[in-house]
Amino acid sequence: MAKLWSGRFGKDTDKTVDDFNSSISFDQRLYREDITGSIAHAKMLGKQHIIAPSEADRIVEGLNGILRDIEDGKITFSEDYEDIHMNVEQILTERIGDAGKRLHTARSRNDQVALDMRLYVKKEIRNIRALVLELMDALSESAEANLHTVMPGYTHLQRAQPVTFGHYMMAYAQMLRRDVLRLENTLELMDDLPLGSGALASTTYPIDRDYVREQLGFARLTQNSLDGVSDRDYCVELCADLSILMMHLSRFSEEIILWCSWEFKFVELDDAFSTGSSIMPQKKNPDVCELIRGKTGRVYGSLITMLTFLKGLPLAYNKDMQEDKEAVFDAVDTVKMSLRVFIPMFRTMTVLPENMKKAASRGFINATDCADYLTKKGVPFRDAYHITGQLVAECIRKEKGLADLTLDEFRAHSAVFDKDVYEAIDLVNCVKGRKVIGGPAPEEVQRQIRGIRDFVQEHGEDREA
Ligand code: ARG
């Protein structure tokens, strides 16, 4: 197969080079972006009389036909043409003849691929955002149902202070809220049309970049042609955003893995979202969570791939940049797949409030409240802290909880103790009392839920998924 550039070459490319160089096996997923970009470019060429308007019309019609045929599965791409850009151009020329050969006027594959990737990333950011917002919805629902579900909060994985399951869920909602904002920030920053940059030095044709920009829905034009074809910052940013998002999903997954264990038993996954063991009949495993935790590494891998191949590149386009595709595609696929399975798994998960309550009643998670009780009665906090420490030590010796101590036992450590101490260290009251902004008190968590719901509505206007 003679290459496009065979005019300048004395022989065919070696087969190993063809295989190594070719990206059609993976960049064919950009066919829609490629055709959409070419249609806008062709219309502009016609409008500017760079090519005859009638030829521009034939190109547009031809490209629309190719798009339809690809979507109907009627086209198989050929390895003979390196990438999606050359494949589409080749098919177009086969179909409409010479007019097809004019499409690439005033354009290079370098600004073409830069455009295609931007269109793709913009689309996928919206898709991923829609999924994250859906998970935030699910978290709000679960939080609302569990405003009063007391559970131990942990530090160092040691029982620390009482919170509620609703409060816990809203913590994850906050992380996801930042993930959405990060994605939107990436979207805003990358919203420049690179087409018109040419191979690197723009073009001498009287193109109308703004007309193309308008058709393709970009906010601005790239302002330097060298940068226009070389910039992949938005791919790095996307991978960074997705790495953080996966890190959040992975922490949540780890949490669910722990909660599913017999040691915790705070939740139970639906049978449809669990797996069994091939040898141990009793097993019910949280494989989905483990896989999300495991797949987080490949998204980090994409980020490192991007950063590494860019760091040594002189301006402008270098073939290394073709490596952006698989890195970005894999990160996008992994995140979407993970969210698509995590959401229904979470929605069908059963919460076990009794077990949470049991765990909360052991481990002295009301010790801080006991100290605060004394402090509120005038004992300096450090003394109150020391007295409570002695009470805890006594409880451990006697194998009981703070609430099981008699008033005399309390008073042996401080005369300040009175009957109302039992109310003060009651777990439900401990939660209720923490009603500052951000706290676990039911009314405050309800406020947090309202905030997240408003956010979801505000940011979900153009949901695609
Ligand atoms: N397949 C290439 C890529 O993904 C397209 C651009 C190629 N340009 C070039 N001058 N070789 O980066």
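Structural data are supplied above this passage.
(A) Region of interest: the overall build of the protein chain. Along its length, the protein chain carries 20 helices and 6 strands. In terms of overall size, the protein chain is more extended than a compact globule, its C-alpha atoms giving a radius of gyration of 30 Å where 465 residues would be expected to give roughly 23 Å. Principal-axis analysis of the C-alpha atoms gives the protein chain an extent of 100 × 50 × 40 Å. Classification of the 465 residues of the protein chain by burial places 51% in the buried group. Put simply, 75% of the contacts in the protein chain that link residues at least 6 apart link residues at least 24 apart. Summing over all exposed atoms, the protein chain offers an accessible surface of approximately 22500 Å²; the carbon and sulfur share of this is 51%. Of the side-chain charges in the protein chain, 60 are positive and 74 negative, and the distance between the mean point of each set is 3 Å.

(B) Representation of the side chain of Glu-124 within the structure. If you trace the backbone, Glu-124 turns up in helix α7 (residues 109-145). Those residues in contact with Glu-124, other than ones at most four positions away along the chain, are Val-332 and Lys-336.

(C) Quick peek at the pairing of strand β1 (residues 150-155). Note: β1 against strand β2 (residues 158-164), 6 bridges, orientation antiparallel. Bridge pairing in β2 links Gly-153 to Gln-161.

(D) Spatial organisation of the site of the ligand. Close to the ligand lie Ser-23, Asp-27, Asp-83, His-85, Arg-109, Asn-110, Val-113, Tyr-317, Gln-322 and Lys-325, which account for all nearby residues. In the environment of the ligand, a nitrogen atom lies 2.9 Å from a nitrogen or oxygen atom belonging to the side chain of Asn-110. Between an oxygen atom of the ligand and a side-chain N or O atom of Lys-325, the distance comes to 2.7 Å. When the ligand sits alone it has 340 Å² of accessible area, and the protein chains cover 86% of it. By residue number, the principal contributor to the shell around the ligand is α7, which donates 3 residues. Looking at the shell around the ligand, its residues break down into 2 nonpolar, 4 polar and 4 charged.

(E) The arrangement of the nonpolar core in detail. If you look at the biggest cluster of nonpolar residues, it comprises 111 residues, and the most contacted ones within it are Leu-242, Ile-256, Trp-259 and Val-328. Here this core takes 15 residues from α7, the largest share from any one element. Once you skip the residues sitting within four places of it in the chain, Val-328 turns out to touch Met-117, Tyr-120, Val-121, Cys-235, Leu-238, Cys-239 and Met-306. One finds Val-392, Phe-410, Val-421 and Ile-425 within the second-largest nonpolar core, a separate group that totals 18 residues.

(F) Spatial organisation of a nonpolar patch on the surface. There is a patch of nonpolar side chains on the surface, built from Leu-200, Leu-226 and Leu-315 and spanning about 270 Å² of accessible area. One can find Leu-226 in helix α10 (residues 225-230).

(G) Structural detail: the packing of helix α3 (residues 31-47) against helix α5 (residues 84-96). The geometry of α3 relative to α5 is characterised by a closest axis approach of 10 Å and an angle of 60 degrees between their N-to-C directions. Classified by the interaxial angle, the pair formed by α3 and α5 is oblique. For the pair α3 and α5, the crossing hand works out as right-handed. Facing Tyr-31, Asp-34 and Ile-35 of α3, the residues of α5 in contact are Ile-84, His-85 and Val-88. Among the residues forming the contact of α3 with α5, the class breakdown is 4 nonpolar, 1 polar and 1 charged.

(H) Representation of the state of the cysteines in the model. All told, the structure shown has 0 disulfides when counted by the stated rule. Unpaired in this structure, Cys-239 has its nearest cysteine sulfur neighbour in Cys-235, at a distance of 6.9 Å.

(I) Region of the structure containing the environment of Glu-184. For Glu-184, the position within the fold is in helix α8 (residues 165-189). For Glu-184, a relative accessible area of 18% gives the class buried. Each C-alpha atom of the pair Glu-184 and Asp-241 lies 9.9 Å from the other, and the pair is 57 residues apart in sequence. When near neighbours in sequence (up to four residues on either side) are disregarded, Glu-184 contacts Arg-129 and His-459.

(J) Examining the environment of Tyr-31 more closely. Inspection of the secondary structure assignment puts Tyr-31 in helix α3. A residue is classified by how much of its surface remains accessible, and Tyr-31, at 15% relative accessible area, is buried. Once the C-alpha coordinates of Tyr-31 and Tyr-120 are considered, the two residues, 89 residues apart in sequence, prove to be 9.9 Å apart. If we ignore the near neighbours within four places in the chain, the residues touching Tyr-31 are Leu-67, Ile-70, Glu-71, Phe-77 and Ile-84.

(K) Quick peek at the pattern of salt bridges. Scanning the entire structure with this criterion turns up 36 salt bridges. Measuring nitrogen to oxygen at the nearest pair gives 3.5 Å for the salt bridge that ties Arg-347 to Glu-141. Of this pair, Arg-347 sits in helix α13 (residues 324-347) while Glu-141 sits in helix α7; the two residues are 206 residues apart in sequence, bridging distant segments of the chain. We classify Arg-347 as partly exposed; its relative accessible area is 41%. The partly exposed category is assigned to Glu-141, whose relative accessible area is 47%. Asp-324 is the salt-bridge partner of Arg-232, the closest N and O atoms lying 2.8 Å from each other. A residue pair is termed long-range when its members are at least 10 positions apart, and Arg-232 in the loop between α10 and α11 (233-260) and Asp-324 in helix α13 qualify at 92 residues. Taken together, the salt bridges that share partners define one network made up of Glu-82, Asp-83, Arg-109 and Lys-319.

(L) Just the packing of helix α12 (residues 287-311) against α13, in detail. In contact at an axis separation of 9 Å, α12 and α13 are set at 160 degrees when each is read in the N-to-C sense. By the criterion of interaxial angle, the relationship of α12 to α13 is roughly antiparallel. When the axes of α12 and α13 are compared, the crossing they make is left-handed. Along the contact surface, α12 presents Val-288, Cys-289, Ile-292, Lys-295, Arg-298, Val-299, Ser-302, Thr-305, Met-306 and Phe-309, while α13 presents Asp-324, Ala-327, Val-328, Asp-330, Ala-331, Thr-334, Val-335, Met-337, Ser-338, Val-341, Phe-342 and Met-345. Of the residues that constitute the contact of α12 with α13, the class distribution is 14 nonpolar, 4 polar and 4 charged.

Parameters at a glance
- Residues numbered from 1 in each chain as written.
- Predicted model: local features only at pLDDT ≥ 70, side-chain atom pairs only at ≥ 80, totals over all residues.
- Heavy atoms only, no water.
- Helix = DSSP H or I, 4+ residues; strand = E, 2+ residues; numbered from the N terminus.
- Rg over C-alpha atoms; globule rule 2.2 N^0.38 Å.
- Buried < 20%, exposed > 50% of the residue type's maximum accessible area, 1.4 Å probe, protein only.
- Contact = heavy atoms within 4.5 Å.
- Areas by Shrake-Rupley, 256 points an atom, 1.4 Å probe, with all protein chains shown as cover.
- Lys, Arg positive; Asp, Glu negative; His and termini not counted.
- Charge placed at Lys NZ, Arg CZ, Asp CG, Glu CD.
- Pairing = 2+ DSSP bridges.
- Near = heavy atom within 4 Å.
- Polar contact = N/O pair within 3.5 Å; in protein donor to acceptor, adjacent residues only side chain to side chain.
- Nonpolar A, V, L, I, M, F, W, Y, C, P; charged D, E, K, R; others polar.
- Core = buried A, V, L, I, M, F, W, Y, C linked by side-chain atoms within 4.5 Å.
- Patch = residues over 30% accessible without salt bridge, like charges linked within 9 Å, V, L, I, M, F, W, Y side chains within 5 Å.
- Salt bridge = Lys/Arg side-chain N within 4 Å of Asp/Glu carboxyl O.
- Axes fitted to C-alpha atoms, helices over the stretch in contact; angles between N-to-C directions.
- Parallel < 35°, antiparallel > 145°, perpendicular 65-115°, else oblique.
- Left-handed = near helix turned anticlockwise from the far one by under 90°.
- Disulfide = S-S within 2.5 Å.

Worth remembering: the numbers are spatial, not functional.
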